[in-house]
Amino acid sequence: MAAKFEPGDLVLVRADEKTGHVRTPGYVKGKTGRIEELLGEFEDPEILAYGGPRPPKKPLYKVSFHQTDLWKGYAGSTGDALYVDIYEHWLKPAREEAR
Amino acid sequence: MTDIHDLGGSPGAGPIDRSQHDVEDWERLADAVTVVLDKKGVKTTDEHRRAIESLAPELYKKLGYYERWIAATELLLVEKGLLTREEIDERATELEESWS
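Residues numbered from 1 in each chain as written. Chains lettered and ligands numbered in written order. Predicted model: local features only at pLDDT ≥ 70, side-chain atom pairs only at ≥ 80, totals over all residues.

**Description of the overall build of chain A**
Item 1. A count of helical and extended segments in chain A gives two helices and five strands.
Item 2. The order of helices and strands in chain A, counted from the N terminus, is β-β-α-β-α-β-β.
Item 3. Considering only C-alpha atoms, chain A reaches an extent of 45 × 25 × 20 Å along its principal axes.
Item 4. Across the 99 residues of chain A, 19% fall into the buried class. (Helix = DSSP H or I, 4+ residues; strand = E, 2+ residues; numbered from the N terminus. Buried ≥ 20, exposed ≤ 12 C-beta atoms within 10 Å, placed from the backbone.)

Listed below in structure tokens is the structure:
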């Protein structure tokens, strides 16, 4: 599976409610971040969590977020960033002006 | 709405309890049993996480870290048909009685 995003791309984390095992923390859902790095391709843990045959591999990215975008009234520096490892199926392309 | 384990940023969650305690023998054993079952290919870390997350919210909050591990391992062993709930309860009762 070819990776859909490259470092520097802006991405929007899907805000969908997904039942079951989810590896994307709630506080980044619906937020815009930036791809920092492709970390590799790994068996999808959200399927692996239910046993059965080994699932296909999916690209995993390191995505950065501005802390000020994540937390209302964030009191730290505006340059502070938070990095989260996110699988590709949780990401959609985001436009520059979304940021 | 996120599940019980997805606490980051929840209002009123309060600060993280960073206090430490010495590791107890039963905790080492809980860790060892879980890791061996992973290494033997009986279950995966992802199944273990899913099992922990499936605990009833009230139980999840009440249990400590390794108590959740034990609950998850038990749940997965029963789910996979390797042990029955009755066998586990029976053995637990035997052990309890041998110590009382």
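**As for the interface of chain A and chain B**
Item 1. At the junction of the two partners, chain A supplies ten residues and chain B supplies ten residues.
Item 2. Here the side of chain A that touches chain B is composed, by residue class, of seven nonpolar, three polar and no charged. (Contact = placed C-beta atoms within 7 Å. Nonpolar A, V, L, I, M, F, W, Y, C, P; charged D, E, K, R; others polar.)

**Examining the sheet that holds strand 1 (residues 10-13) of chain A**
Paired through backbone hydrogen bonds, the strands of a sheet run either parallel or antiparallel to each other.
Residues and elements named next belong to chain A.
Item 1. On the basis of which strands lie adjacent, the open sheet formed by five strands has the order 4-3-2-1-5 and antiparallel pairing. Only two strands of the sheet have a single partner each, and these edge strands are strand 4 (81-87) and strand 5 (91-93). With direction set aside, neighbouring strand axes in the sheet form an average angle of 40°. (Pairing = 2+ DSSP bridges. Axes fitted to C-alpha atoms, helices over the stretch in contact; angles between N-to-C directions.)

**Focus: the nonpolar core**
Side chains of nonpolar character tend, in soluble globular proteins, to be buried together.
Item 1. If you look at the biggest cluster of nonpolar residues, it comprises twelve residues: Val-11, Val-13, Val-28, Ile-35, Leu-60, Tyr-61, Val-63, Phe-65, Val-84, Ile-86, Trp-90 and Leu-91 of chain A.
Item 2. Contributions of two or more residues to this core are made by strand 1, strand 3 (57-66) and strand 4 of chain A.
Item 3. No other element matches the four residues that strand 3 of chain A contributes to this core.
Item 4. Beyond its immediate sequence surroundings of up to four residues, Ile-35 of chain A is in contact with Phe-5, Glu-6, Pro-7, Gly-8, Asp-9, Val-11, Tyr-61 and Val-63 of chain A.
Item 5. Judged by nonpolar contacts, the second largest core, of five residues, contains Ala-51, Ile-52, Ala-72 and Leu-76 of chain B. (Core = buried A, V, L, I, M, F, W, Y, C linked by C-beta atoms within 7 Å.)

**What to know about the pairing of strand 3 of chain A**
Residue and element names in this part refer to chain A.
Item 1. Relative to strand 3, strand 2 (residues 32-43) runs antiparallel, the two sharing eight bridges. Each residue of the ladder has a partner; that of Leu-38, found in strand 3, is Tyr-61.
Item 2. Note: strand 3 against strand 4, seven bridges, orientation antiparallel. Directly across from His-66, in strand 4, lies its bridge partner Ala-81.

**Quick notes on the environment of Tyr-74 of chain A**
Residue and element names in this part refer to chain A.
Item 1. Along the chain, Tyr-74 falls in the loop between helix 2 (67-70) and strand 4.
Item 2. Classification of Tyr-74 as partly exposed rests on a count of 13 C-beta atoms within 10 Å.
Item 3. The contacts of Tyr-74, once residues within four sequence positions are left out, are Gln-67 and Thr-68.

**Points about helix 4 (residues 65-79) of chain B**
In an α-helix there are 3.6 residues to a turn, and that puts residues three or four apart on one side.
Residue and element names in this part refer to chain B.
Item 1. In a regular helix each residue adds 1.5 Å, so 15 residues correspond to 21 Å; helix 4 covers 21 Å between its end C-alpha atoms and thus fits that length.
Item 2. Of all the residues in helix 4, the buried ones are Arg-68, Ala-72, Thr-73, Leu-76 and Leu-77. For helix 4, the buried positions fall inside an angular range of 165° around the axis, keeping them on one side.
Item 3. The inward-facing, buried residues of helix 4 abut helix 1 (25-39), helix 2 (45-53) and helix 3 (57-62). (Expected span 1.5 Å × (residues − 1). Arc of directions from axis to C-beta.)

**Overview of the packing of helix 1 of chain B against helix 4 of chain B**
The relative placement of two packed helices is expressed as an angle between their axes plus a distance between the axes.
Residue and element names in this part refer to chain B.
Item 1. Axis separation between helix 1 and helix 4 bottoms out at 9 Å; the angle between their running directions is 40°. Looking at the two axes, helix 1 sits oblique to helix 4. In terms of crossing hand, the pair formed by helix 1 and helix 4 is left-handed. In this structure, helix 1 contributes Glu-27, Ala-30, Asp-31, Val-33, Thr-34 and Leu-37 to the contact, and helix 4 contributes Tyr-66, Trp-69, Ile-70 and Thr-73.
Item 2. Looking at the contact of helix 1 with helix 4, its residues break down into six nonpolar, two polar and two charged. (Parallel < 35°, antiparallel > 145°, perpendicular 65-115°, else oblique. Left-handed = near helix turned anticlockwise from the far one by under 90°.)

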